[in-house]
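Take a look at the letters that make up each chain.
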Amino acid sequence: MALGSWVLMQRTVYKDILNGKKNAMTKEQIRLLNKIGFEWDICEQHQLNIWNERYAELKEYVVKFGNTRVPKEYLDNCLTEWVSNQQILYKQFQSGKINSISREQIRLLNEIKFEWDTYREHAV
């Protein structure tokens, strides 16, 4: 799992705890994350802005290269990681796990013929 996905999952699980839902996160895990200054709450709008920026970059990539398989060696490594992260989030979404990908984001990615297969299978 990519670091960004893991961080997001920690925030989601912690939010569930705050809302009274039980889950596997322990007090010790919370303590350790607090100890390193983990940011539990970041602005959702900021996340959405980043998602929209990467989506726009991917659309430009599709116009230029005709697909969404951004190779590891691509100039913008952030886009490569973002594509891989979307695939991971979608796989989790399909299996019923709570994460940050929305149905609207899935729809937008489908519009540009996003390839949902595991990124590493297509890496050049």
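This text goes with the structure placed above it.
Residues numbered from 1 in each chain as written. Predicted model: local features only at pLDDT ≥ 70, side-chain atom pairs only at ≥ 80, totals over all residues. Heavy atoms only, no water.

Observations regarding the overall build of the chain
Inference 1: Secondary structure summary: the chain contains six helices and zero strands in total.
Inference 2: In the chain, the succession of α and β elements from N to C terminus is α-α-α-α-α-α.
Inference 3: In terms of principal-axis extent, the alpha carbons of the chain reach across some 50 × 30 × 25 Å.
Inference 4: Taken over 124 residues, the chain has a buried fraction of 36%.
Inference 5: At a minimum sequence separation of 6, the contacts of the chain that also span at least 24 residues come to 57%.
Inference 6: Entry remark: accessible area of the chain is about 8,400 Å², with carbon and sulfur atoms responsible for 54%.
Inference 7: Computing the positive centroid from 18 side-chain charges and the negative centroid from 16, the chain places the two 6 Å apart. (Helix = DSSP H or I, 4+ residues; strand = E, 2+ residues; numbered from the N terminus. Buried < 20%, exposed > 50% of the residue type's maximum accessible area, 1.4 Å probe, protein only. Contact = heavy atoms within 4.5 Å. Areas by Shrake-Rupley, 256 points an atom, 1.4 Å probe, with all protein chains shown as cover. Lys, Arg positive; Asp, Glu negative; His and termini not counted. Charge placed at Lys NZ, Arg CZ, Asp CG, Glu CD.)

Here we look at helix α1 (residues 3–18)
Inference 1: The end-to-end C-alpha separation of α1 is 23 Å, in line with the 22 Å expected for 16 residues at 1.5 Å each.
Inference 2: Turning to α1, its buried residues are S5, V7, L8, Q10, R11, T12, V13, Y14 and D16.
Inference 3: The positive-phi residue at the C-terminal boundary of α1 is G20, with phi of around 85°. (Expected span 1.5 Å × (residues − 1).)

Concerning the pattern of salt bridges
Inference 1: Applying the stated criterion across every chain yields a total of five salt bridges.
Inference 2: Here E57 makes a salt bridge to R54, at a shortest N to O gap of 2.8 Å. Here R54 and E57 lie together in helix α3 (residues 44–65), a separation of three residues that amounts to about one turn.
Inference 3: The exposure class of E57 is partly exposed, given its relative accessible area of 24%.
Inference 4: Given a relative accessible area of 17%, R54 falls into the buried group.
Inference 5: Between R69 and E115 there is a salt bridge; the shortest N-O distance is 2.9 Å. Taken as a pair, R69 in the loop between α3 and α4 (77–94) and E115 in the loop between α5 (103–111) and α6 (119–122) lie far apart in primary sequence, 46 residues in all.
Inference 6: Owing to a relative accessible area of 33%, R69 belongs among the partly exposed residues under this scheme.
Inference 7: The network of salt bridges with common partners includes E104, R107 and E111. (Salt bridge = Lys/Arg side-chain N within 4 Å of Asp/Glu carboxyl O.)

What is shown is where atoms sit, not what they do.
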